[in-house]
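# Architecture at a glance
Listed here are the chains, written in short residue letters.
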Amino acid sequence: MMTIITRVKLREGSTEQWDRAMHARVEAARGAKGWISAQLLRGVDESLERAIVGVWESKEDWATWHNGDAFRETRAQLSGVEERAQESVWFEVAEDVD
């Protein structure tokens, strides 16, 4: 099991657009092969900061989703709303505790 954490800082006035588009993206991912779960996070100290925590069976499953039509559909909606490029980091799940 793999987890990808992506951080992004949004442009002023774009939070609602980004939040709607990312919600739609996560909903579309639910049916993707290898998808386990996701969290969309808002910054507590920085209201323009967002993070996405995605849990997948493998990096390959994520890559297939990332290159698919459903993912690309929301890319256009997100064009121009990010102040700086996204930063993504992968982690292998060492222990999953509920």
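In this report, we go over the structure that sits alongside the text. Please read these numbers as outputs of a predicted model, since none were measured by experiment. (Residues numbered from 1 in each chain as written. Predicted model: local features only at pLDDT ≥ 70, side-chain atom pairs only at ≥ 80, totals over all residues. Heavy atoms only, no water.)

### So, the overall build of the chain
- Counting its regular elements, the chain contains three helices and four strands.
- Listed by position from the N terminus, the elements making up the chain come as β-α-β-β-α-α-β.
- Taking 2.2 N^0.38 as the reference for a compact globule, 98 residues should give roughly 13 Å; the C-alpha atoms of the chain span a radius of gyration of 13 Å, in line with that estimate.
- Principal axes of the C-alpha set define a box for the chain whose edges measure 35 × 30 × 20 Å.
- Per-residue burial for the chain yields a buried fraction of 35% across its 98 residues.
- Of the contacts formed within the chain by residues at least 6 apart in sequence, a portion of 73% connects residues at least 24 apart. (Helix = DSSP H or I, 4+ residues; strand = E, 2+ residues; numbered from the N terminus. Rg over C-alpha atoms; globule rule 2.2 N^0.38 Å. Buried < 20%, exposed > 50% of the residue type's maximum accessible area, 1.4 Å probe, protein only. Contact = heavy atoms within 4.5 Å.)

### Brief notes about the sheet that holds strand E4 (residues 87-92)
- With respect to topology, four strands assemble into an open sheet ordered E2-E3-E1-E4, the strand pairing being antiparallel. Edge strands, defined here as strands with exactly one partner in the open sheet, are strand E2 (35-42) and E4. Pairs of neighbouring strands in the sheet enclose a mean axial angle of 15°, with direction left out of account.
- As judged from the seven bridges shared by E2 and strand E3 (residues 49-56), these two strands associate in the antiparallel manner. Paired with tryptophan 35 across the bridge in E3 is tryptophan 56. (Pairing = 2+ DSSP bridges. Axes fitted to C-alpha atoms, helices over the stretch in contact; angles between N-to-C directions.)

### Notes on the packing of aromatic side chains
- Tallying each qualifying case throughout the model produces one aromatic pair.
- Between the aromatic rings of tryptophan 62 and tryptophan 90, the centroid separation amounts to 5.3 Å while the plane-to-plane angle is 85°, which identifies the pairing as edge-to-face. Of this pair, tryptophan 62 sits in helix H2 (residues 59-66) while tryptophan 90 is found in strand E4, placing the two residues 28 residues apart along the sequence.
- Judged by its relative accessible area of 22%, tryptophan 62 is partly exposed.
- Exposure remark for tryptophan 90: the relative accessible area of 23% places this residue in the partly exposed category. (Phe/Tyr/Trp six-rings, centres within 6.5 Å; stacked < 30°, edge-to-face > 60°.)

### Some remarks on the side chain of arginine 25
- As for its placement among the helices and strands, arginine 25 is situated in helix H1 (residues 15-29).
- In this structure arginine 25 is buried but unpaired, with glutamate 82 as the nearest side chain of opposite charge at 6.6 Å.
- In contact with arginine 25, other than residues within four places in its own chain, are Trp65, Phe71, Thr74, Arg75 and Leu78. (Lys, Arg positive; Asp, Glu negative; His and termini not counted. Salt bridge = Lys/Arg side-chain N within 4 Å of Asp/Glu carboxyl O.)

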